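# Reading the structure
Below, each chain spelled out in residue letters.
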Amino acid sequence: MSTGAGIAPSPPRSRYGRFMTGVLRGTLKLDVWINKVYPADYNPLYYTGGLSNLFLFILVLSGIFLFFYYEASLVEGFASVQYITLGVPYGGLIRGVHRYAADGFIVAVLLHLFRNWFTDRYLFSRDNPWISGMFLLIFGGFVGFTGYQLVWDERAQVLTAMFVGMLRSLPLIGDWLARVFIGGAGVSDGTLVRALFLHIGPASALYVMLWWHYLRLRHPKIWPPATWVLASVGLVFLLAGVIPATSGQPAAPAGRPASFPMDIFFLIPFWLLNYMSPFAVMVLLGALFTLGFAIPYIARREAPQEMSVRHAGVAQVIDGNCTGCELCFFDCPYNAIAMVPSPAPGLSRAAANRTWLAVVIESRCVECGICIGACPFEALELPKFLERDVQAQVLEAVRA
Amino acid sequence: MSNGPKVVGFVCDWSVDLVPLMEGGRLREMPSVRIIRVPCSGFVRPSWLEDALGRGADGVFVTGCPYGDCLNREGNYLMRDRVDQLQRRLQRRRVDPARLGMLAYGLHDGPAFLAAVRAFVEGIRALPAAAPPRSAPAAPAPAAAERETP
Amino acid sequence: MRNMYTAGIVLLSGLSLAFALGILYGEATDRWFFGGALVGALLMAYSGIVLLLRKMGIIGPRKAER
Ligand code: SF4
Ligand code: SF4
């Protein structure tokens, strides 16, 4: 790479690149407006991940409350939900909190997804949070759907029938999947036990996937600022009190309602069934998620050569200079530096007595160069943008 | 180019959109300000800032993304801490902290960025003349750098 | 500007007091949804107060984000 002296990166050439650059500018423009109202450390769009985590936390707490009273069987399922809603003090409120926090969760997750997509925060080794994030989205959506099943009113019954139809439409594995989903050949008491498991099991799995999601992040921002914690919890309670969550008619074996209230966040696939065959909906969902997984690999806003200094190669440790001071290890935001016992003394005077040596885990490095700024011993370099290139530019600047 | 203090700015490639502001590596409105694009504000090693001052620059500043929105998550916070430390260290050697700056501006903040740079330059202009370049220890390095770059 | 923020905080504090009394009233008369909605309203009023305090510069950014 040249010294990059004032070379403006050429604007992306492909139509997709130009479009995504426009989207990027729009996303950041939104920040400019929000920052006029909120101080930067209170900007909710800087904390979409933390907000998702907050909503998930509310869901877990309210879910534990609901779990105390819920009974998973065809007769008791509906009745116990009714009892929670009307009989338990503040039970209906907590049910509403669970319901609206789920919507908040999906909204926050989608904001998180689009913001990080549109601002290129999935490039290089940051595909790891992207992939785990897609898994989190799929599991989160599925958990939301099985939650609707648990109420076991008419809507739940129809949804179950629709979903079984969608599963059965799949060739080869369809029938088997449908059996797994309803826990037997037909709907029985076992169905609700299965639904309860399919609600709580994947929900617990979310936390395992969150561990994966955070794996390469040093100091992940997992909690939003105070004002947003208060506002989100408050909004959820306010909604739960003003528009209480309700059940429809209890499910009846012969019941077939023609329509039921839709939830735009979890039930969109079922709405599509009005217009498409079950198999087509399944194919569409499959294609959507496959594309989602592929985004980091197929959809680059800029070609690598257009990224200028932002694509300067994985950081390299200069063995002879490293003193094992661990400063880069503490500053790398992606946990990409490991300290290993030094195999041999370094060459420079400062490095002669080292006990540790820094090693860059190349599969984790995103080429940001933060470790270069951290190292006081000139022991780290970005291969395509060396210290000497920087010094040459400084020199040119002070001489003129 | 002669009018105005010599200022070197390290600007994160992701932060301010420099294309409309720059010409030949310098700010169009303030040709005495030389811009060096870096992959992230956290890439800047504080000793480079110190060197630049030592070799005759009248001021150095680093620009990153708005705090909280660093492309690389924490680069601008880390850099701000490093600049603070360096300011304290240089103050002990009687270098005015106003010669070092840390700015944070996003893609759309071009005008605000220019205003901040102008204020920075004016602040330096108001200072008494800097001590002559501290050339003794730093001299060999620039010579080497000159030879090696085409 | 500072006066407006102060006025906003005073207003929100008054509202919070009203909401808190409403919660007690809802609890006393077993109006659970009413009380619950006011819990939410109270928290949202608090969030507004926190935001205004932050904008006035009385509470600072978190330490990690100074
Ligand atoms: S360039 Fe350095 S700080 Fe950045 S991810 Fe790679 S090892 Fe970590
Ligand atoms: S900061 Fe530099 S000297 Fe210290 S451990 Fe890292 S590479 Fe080695």
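Reading the values: the criteria
- In this numbering scheme, every chain counts its residues from 1 along its sequence in written order.
- Chains carry letters from A onward and ligands carry numbers from 1 onward, assigned in written order.
- With pLDDT at 70 or above as the cut-off, local features in this predicted model cover only qualifying residues; side-chain atom pairs require 80 or more to be listed or tallied, and sums for whole chains, interfaces and linings still use all residues.
- Remark: hydrogens and water are excluded; side-chain values derive from all non-hydrogen atoms of the structure.
- We call a residue near a given molecule or strand whenever any one of its heavy atoms falls within 4 Å of it.
- Ten residue types, Ala, Val, Leu, Ile, Met, Phe, Trp, Tyr, Cys and Pro, are classed as nonpolar, four, Asp, Glu, Lys and Arg, as charged, and the remainder, Gly among them, as polar.
- Comment: elements are numbered from the N terminus, with helices defined as DSSP H or I runs of at least four residues and strands as E runs of at least two.
- Exposure is judged per residue with a 1.4 Å probe applied to protein chains only, and the accessible area is read against the type maximum: over 50% gives exposed, under 20% gives buried, and values in between give partly exposed.
- By the criterion applied in these results, polar contacts are pairs of N or O atoms within 3.5 Å in which, for protein atoms, one can donate a hydrogen and the other can accept it, and in which residues neighboring in sequence qualify only through two side-chain atoms.
- In this description, contact between two residues means that some pair of their heavy atoms is separated by no more than 4.5 Å.
- How far a helix is expected to stretch is found by multiplying one less than its residue total by 1.5 Å.
- In short, buried area is how much 1.4 Å probe accessible area vanishes from two parts on joining, totalled over both.
- A pairing counts as a salt bridge when a side-chain nitrogen of Lys or Arg comes within 4 Å of a carboxyl oxygen of Asp or Glu.
- Structural elements are reduced to axes, namely lines fitted to C-alpha atoms, with helices fitted over the stretch in contact, and the angle between N-to-C directions of any two is expressed from 0 to 180 degrees.
- In these notes the angle categories are as follows: under 35 degrees is roughly parallel, over 145 is roughly antiparallel, 65 to 115 is roughly perpendicular, and the rest is oblique.
- Here, nonpolar core refers to any group of buried Ala, Val, Leu, Ile, Met, Phe, Trp, Tyr and Cys residues whose side-chain atoms link them within 4.5 Å.
- Where each domain starts and ends follows an automatic or database-derived domain assignment.

## Topic: the site of ligand 1
Every residue near ligand 1 is listed here: A:A315, A:C332, A:P333, A:Y334, A:A336, A:I337, A:C365, A:V366, A:C368, A:G369, A:I370 and A:C371. Here the shell around ligand 1 is composed, by residue class, of 11 nonpolar, 1 polar and no charged.

## Concerning the side chain of A:T85
For A:T85, the location among the structural elements is in helix α3 (residues 74-86). Classification of A:T85 by relative accessible area gives buried; the value is 10%. In this structure the side chain of A:T85 is engaged in a polar contact, spanning 2.6 Å, whose partner is the backbone oxygen of A:V81. Contacts of A:T85, omitting those with residues within four sequence positions, involve A:G91, A:G92, A:R95, A:A245 and C:F33.

## Notes on helix α2 (residues 32-56) of chain C
All names here are of chain C. In this model α2 runs 36 Å from its N-terminal to its C-terminal C-alpha over 25 residues, within 8% of the 36 Å that 1.5 Å per residue would give. Of all the 25 residues making up α2, 18 are buried; the element is thus mostly covered by neighbouring parts of the structure. Just beyond α2, the residue with positive phi is G57, at close to 85°.

## Focus: the interface of chain A and chain B
Counting from both sides, the interface comprises 61 residues of chain A and, opposite them, 48 residues of chain B. Carbon and sulfur atoms supply 57% of the area that chain A and chain B bury against each other, a total of about 4,600 Å² over both sides. It is A:R25, A:R310 and A:V398 that lose the most area in chain A upon contact with chain B, and together they represent 12% of the buried surface on that side. Linking chain A with chain B are 7 salt bridges, by the criterion used here. The tally of links between chain A and chain B comes to 25 residue pairs in polar contact (both at pLDDT 80 or more). Per-element tally for the side of chain A that touches chain B: the top contributor is helix α14 (residues 387-399) of chain A, with 13 residues. Tallied by class, residues from the side of chain A that touches chain B come to 32 nonpolar, 10 polar and 19 charged.

## Looking at the site of ligand 2
Around ligand 2, the surrounding shell consists of A:C322, A:T323, A:G324, A:C325, A:E326, A:C328, A:M339, A:A358, A:C375, A:F377, A:A379 and A:L380. For the shell around ligand 2, a count of residues per class yields 9 nonpolar, 2 polar and 1 charged.

## Here we look at the environment of B:E122
Residue and element names in this part refer to chain B. As for its position among the elements, E122 is in helix α3 (residues 110-125). Among the residues examined, E122 registers a relative accessible area of 40% and is labelled partly exposed. Once the C-alpha coordinates of E122 and G4 are considered, the two residues, 118 residues apart in sequence, prove to be 8.7 Å apart.

## Thoughts on the packing of helix α7 (residues 174-182) of chain A against helix α8 (residues 189-214) of chain A
Residues and elements named next belong to chain A. Where α7 contacts α8, the two axes come as close as 7 Å, and the packing angle between them is 90°. The angle between the axes of α7 and α8 places the two elements in the roughly perpendicular class. Residues R179, V180, F181 and I182 of α7 lie in contact with α8, whose contacting residues are G190, T191, R194 and L198. A class-by-class count of the residues in the contact of α7 with α8 yields 4 nonpolar, 2 polar and 2 charged.

## Description of helix α9 (residues 226-242) of chain A
Helix length check: α9(A), at 17 residues, gives a terminal C-alpha distance of 24 Å against a target of 24 Å (1.5 Å per residue), a fit within 8%. Of the positions making up α9(A), those classed as buried are A:T227, A:W228, A:V229, A:A231, A:S232, A:V233, A:G234, A:V236, A:F237, A:A240 and A:G241. Taken together, the buried residues of α9(A) touch α2 (48-69) and α4 (91-118) of chain A together with α2 of chain C.

## So, the nonpolar core
By size, the foremost hydrophobic cluster in this structure holds 66 residues, and its most contacted members are A:F105, A:W117, A:W130, A:F181 and A:F270. With 12 residues, the top contributor of residues to this core is α4(A). Ignoring anything within four residues of it in the chain, the contact list for A:W130 reads A:L113, A:W117, A:Y122, A:G292, A:F293, A:I295 and A:P296. With 55 residues, the next largest nonpolar core counts A:C332, A:I372, B:C40 and B:L49 among its residues.

## Things to note about the domain arrangement of chain A
All names here are of chain A. If you check the domain split of chain A, you get domain 1 (15-297) and domain 2 (307-399). Taken over C-alpha atoms, the centre of domain 1 sits 42 Å from the centre of domain 2. Each side of the interface is counted separately: domain 1 has 8 residues, and domain 2 has 14 residues. For the pair domain 1 and domain 2, the two sides together bury roughly 1,100 Å², of which 50% comes from carbon and sulfur. In terms of surface lost to domain 2, no three residues of domain 1 exceed F124, R216 and R218, which account for 62% of the buried area on that side. The tally of links between domain 1 and domain 2 comes to 0 salt bridges. Linking domain 1 with domain 2 are 8 residue pairs in polar contact (both at pLDDT 80 or more), by the criterion used here. Residue composition of the side of domain 1 that touches domain 2, by class: 4 nonpolar, 1 polar and 3 charged.

## A few points about the pattern of salt bridges
For the structure shown, the criterion picks out 22 salt bridges over all chains. The residue B:D17 makes a salt bridge to A:R25 at a minimum N-O spacing of 3.3 Å. Note that B:D17 is positioned in the loop between β1 (7-12) and β2 (22-23) and A:R25 in helix α1 (residues 15-37), a pairing that runs across two chains. By relative accessible area, A:R25 is classed as partly exposed at 33%. Residue A:R310 is joined to B:D13 by a salt bridge in which the shortest nitrogen-to-oxygen separation is 3.1 Å. Separated into two different chains, A:R310 in the loop between α11 (278-298) and β1 (316-317) and B:D13 in the loop between β1 and β2 make up a pair that spans both. By relative accessible area, which is 10% here, A:R310 ends up buried. Salt bridges sharing common partners tie together A:D120, A:R301, A:E302, A:R310, B:D13 and B:R37.

## As for the side chain of C:S47
With respect to the helices and strands, C:S47 occurs in helix α2. Within polar-contact distance, the side chain of C:S47 engages the backbone oxygen of C:M44 at 2.8 Å. Dropping the residues within four chain positions of it, C:S47 is found in contact with A:T227, A:L230 and A:A231.

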